[in-house]
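# Per-entry structural report
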There are 2 protein chains.
Amino acid sequence: MGVPDRAQAEQLDRDDALARWRDAFVIDRPERLYLDGNSLGRLPRATVARLRQVVEEEWGGGLVGSWNRWIDWARQGGDLLSTAVVGGAAGEAVIADSTTVNLYKALVAALDARPGRRAVVTDDANFPSDRYVVQGLADSRGLDVRWLPPDPTVDDVGAAVDTDVALVTLSHVAFTSGALLDLAGITRVAHAAGALVVWDLSHSAGVVPVDLSAAEVDLAVGCTYKYLNGGPGSPAFAYVGSHLVDELRQPIWGWFGRRDQFEMGARYDAAPGIDRWLVGTPPVLALAAAIEGIGVTASAGVGPIRSKSVRLVALLEELADAWLAPLGFEQRTPRGAPARGSHLALAHPEAWRLCRVLNEQYDVVADFRPPDVVRLGLAPLYTRFVDVWDAAERIRAAAEARAWERVPHDRPRVT
Amino acid sequence: MGVPDRAQAEQLDRDDALARWRDAFVIDRPERLYLDGNSLGRLPRATVARLRQVVEEEWGGGLVGSWNRWIDWARQGGDLLSTAVVGGAAGEAVIADSTTVNLYKALVAALDARPGRRAVVTDDANFPSDRYVVQGLADSRGLDVRWLPPDPTVDDVGAAVDTDVALVTLSHVAFTSGALLDLAGITRVAHAAGALVVWDLSHSAGVVPVDLSAAEVDLAVGCTYKYLNGGPGSPAFAYVGSHLVDELRQPIWGWFGRRDQFEMGARYDAAPGIDRWLVGTPPVLALAAAIEGIGVTASAGVGPIRSKSVRLVALLEELADAWLAPLGFEQRTPRGAPARGSHLALAHPEAWRLCRVLNEQYDVVADFRPPDVVRLGLAPLYTRFVDVWDAAERIRAAAEARAWERVPHDRPRVT
């Protein structure tokens, strides 16, 4: 068995049960190989029509009367997300605010539920916002942060938790390495020490099966604009396990979180259930797009998506081993499907300039992640096996030509 | 001089310098009299085109590369809002999050800047979210809330502040009564006691001139979906005076608030200036609509808008005095333009059912506000003097016919 040739990739596409889902997305230049769906997912065709309807008919035509339908969307979207994507029940999630604001709410609620415990466990390779929210709370509340090394195991977490730890907060799939953490195992050791867990599912929701109920997860957050294709900055989700939903104190009290909101009562009275995780008026246009995107994933099914993801990543890995490793690329993503999500991180000394030249001259969109990673995200709903093959081939060509020497070192603000 | 007749209203429209701005909005059924632009502003025509472009070209076509333009919008929109709408400077505002989340950030920052002071001053008729955020912080931090009666004067606030008061937070225009508070005078007496001020401009931004710089206001927030026509739940604004912008600690630390965001550095390092008031990834579609809406107001000018607003409200008041007072309506809005914003609150024992029957059978959209107020909002960019005349006439007809007797008492969740 040699390295797969392009005909084999084409055969994989012909056999792909998810192939038809590519047509559900706007793909205006198929020759552009878009391996950044884990930064911003593509635009579903249905979203185009839906947004025109929401803007022109519901806002423009229906005006304030449309709130009679909009008022339920944060919950309805949360129910869809919970039941179809992250293995929760109805009434355990809402779509609201940004991932960072939801993390803040979740961490404060968890800290307040463990009074007297002064430590938080997280890892040093967590996404920047996740680290910063923890640091902000540590700074204001005088907490001790126990920083684990990247991609912690159950044993790493087990060794870090004790009766002083209020909560463990980690990302299910690491945003740089792509490592898939043992969500159930880590939740178990955290609980054994009496700590709560707050999972960030931004890089797993919609592409890796998640079963929050089975794992008895306390709180989770995540964004809807990556594998869920909800649109740039689409509102995030907040999940609270039913065992805690009526117990935790959500700290930002707003009118959308109050029982009988339009009674406009004098004093705050937390709404029953998950509604209290709502705060202010949601951005309806962005919320509509988020729900539409979640709906595409719900229809295709996370099981089939994961199955294709595993094979896409394996193909890319095989090609990278054969073509890119000899050119100085080092794989930072763990080996083996059970240990990783849906992207491959390849380290290279010229990663920044390589990403830039790939985008500008090879029509390959990949993400640079500091300090030296080329991140290749594979979104199974619209990424084909030939896209993977062609991308590996173009990256090889760029590296062989030392194409990065053609572009300057200076970085734009957005990478 | 009798009560103005319809011909006089038509003449006012012919003489109206802002009349042409009505064409900037989608108005699909002119026979529907929409007096609820202070709940949800109308859809600007430019927004329809702008959103198609953002969705289909920038997201669908440009994909993640469009972040090179989107990344600046929160600040650019903030600069426009600050300089053209609320009398601030560039670099003093951002468009981000919901009004409630911004209030939370502002109140926590203000409290932290006045350590040792344990009291907050606000008023009992403030908007629900404003009251709830205060209550939530009072609950978690053990603060004393000094509740003023509705529509407090400078003297009311002066009597309530002392060296134990950390901050005064009020709405510039009261959401029910429409009373316009003395922003500069109240800010002055708060400062004299060493307290900070946090103003909610939701019902004044875009329709009442605001001069935050001249008044030396510390912090302000407000929504963009009322008189600013930014769309349902469009992201709010947060203003921080330049005298405090590098001093206050914004409490929710996220990646958009960090210096050199895409460096993704290990530790949070607050961005210089107003950028630290950003938290997570903004909802780009909703943000685009917000900026487009603010742009319409900026082009028309708040001065001319206020001038027309004063005359619209005066006309409605004159008709209400003549036609509605004899039918049992009681005006809750203060008399005289300097004392009020751009809506009129009329109390009536059957306010709820009257609003409903007005909407369903008289094609007049007004807001019910508990317990007994019919709120009539006049948005000068698209509300005509004949709309005011016709609405008063229809309300008179409904009241004379006791039309509320045709509808049940039960209330929907959204009012």
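Everything here concerns the structure above.
Quick summary incoming for the structure in this document. (Residues numbered from 1 in each chain as written. Chains lettered and ligands numbered in written order. Predicted model: local features only at pLDDT ≥ 70, side-chain atom pairs only at ≥ 80, totals over all residues. Heavy atoms only, no water.)

What chain A contains, in helices and strands, is 12 helices and 13 strands. The C-alpha atoms of chain A give a radius of gyration of 22 Å, which matches the 22 Å a tight globule of 415 residues would have. By its C-alpha atoms, chain A is 70 × 55 × 40 Å across when sized along the principal axes. Taking all 415 residues of chain A together, the buried fraction comes to 66%. Relative to all contacts within chain A whose residues are 6 or more apart in sequence, the contacts with residues 24 or more apart total 72%. Summed over all atoms, the accessible surface of chain A reaches about 13,400 Å², with 50% contributed by carbon and sulfur. Charge centroids of chain A, computed over 43 positive and 54 negative side chains, lie 3 Å from each other. (Helix = DSSP H or I, 4+ residues; strand = E, 2+ residues; numbered from the N terminus. Rg over C-alpha atoms; globule rule 2.2 N^0.38 Å. Buried < 20%, exposed > 50% of the residue type's maximum accessible area, 1.4 Å probe, protein only. Contact = heavy atoms within 4.5 Å. Areas by Shrake-Rupley, 256 points an atom, 1.4 Å probe, with all protein chains shown as cover. Lys, Arg positive; Asp, Glu negative; His and termini not counted. Charge placed at Lys NZ, Arg CZ, Asp CG, Glu CD.)

Mapping chain A onto chain B is achieved by rotating through 180° and translating by 0.0 Å along the same axis, at an RMSD of 0.0 Å. Seen this way, the second copy is the image of the first under a two-fold rotation axis. When C-alpha positions in chain A are compared against the rotation axis, the closest is assigned to Ala286 of chain A, at 2.8 Å. When the interface residues of chain A are mapped onto chain B, 100% of them are again interface residues, pointing to one common binding face. (Least-squares fit on C-alpha atoms with pLDDT ≥ 70 in both.)

The subject of this paragraph is the interface of chain A and chain B. Accessible area lost upon the coming together of the parts is a frequently used measure of interface size. Tallying the contact residues gives 83 residues for chain A and 83 residues for chain B. In this assembly, chain A packs against chain B so that about 6,900 Å² is buried in total across both faces, 64% of it on carbon and sulfur atoms. The interface formed by chain A and chain B includes six salt bridges. Note that Arg249 of chain B and Asp139 of chain A form a salt bridge whose closest N and O atoms lie 2.9 Å from each other. (Buried area = accessible area lost by both parts, 1.4 Å probe. Salt bridge = Lys/Arg side-chain N within 4 Å of Asp/Glu carboxyl O.)

Looking now at the side chain of His348 of chain A. The residue His348 of chain A is located in the loop between β10 (343–347) and α11 (351–361) in this model. Residues contacting His348 of chain A, with those up to four places away along its chain left out, are Leu327, Gly328, Phe329, Asp372 and Trp404 of chain A.

Attention now goes to helix α8 (residues 183–192) of chain B. Residues separated by three or four positions in an α-helix point in the same direction, a consequence of the helix having 3.6 residues per turn. Residues and elements named next belong to chain B. Every buried residue of α8 is accounted for by Leu183, Gly185, Ile186, Thr187 and Ala190. The inward-facing, buried residues of α8 contact α7 (154–160), β5 (165–171), β6 (196–200) and α9 (212–215). Taken from the residues just after α8, Gly194 is the one with a positive phi, measuring 85°.

A few words on the sheet that holds strand β12 (residues 367–369) of chain B. Residues and elements named next belong to chain B. Taken together, four strands build an open sheet; the order of strands is β9-β10-β13-β12 and the sheet is antiparallel. Looking at strand neighbours, the two that pair on one side only are β9 (330–331) and β12, the edges of this open sheet. Where β12 lies against strand β13 (residues 373–377), three bridges are found, and the strand directions are antiparallel. Of the residues in β13, the one forming a bridge with Asp367 is Arg375. (Pairing = 2+ DSSP bridges.)

Once that is clear, we can look at the sheet that holds strand β3 (residues 119–123) of chain B. All names here are of chain B. In spatial order, the strands read β2-β8-β7-β6-β5-β3-β4; together these seven strands make up an open sheet with mixed pairing. Looking at strand neighbours, the two that pair on one side only are β2 (93–95) and β4 (144–148), the edges of this open sheet. Shown here is a sheet whose adjacent strand axes are inclined to one another by a mean of 15°, direction ignored. Bridging between β2 and strand β8 (residues 237–240) involves three bridges; their strand directions are antiparallel. Each bridged residue has a counterpart across the sheet, and for Ile95 the counterpart in β8 is Phe237. Together, β3, β4, β5 and β6 form the strand contacts of helix α6 (residues 128–141), whose direction differs from that of β4 by roughly 155°. (Axes fitted to C-alpha atoms, helices over the stretch in contact; angles between N-to-C directions.)

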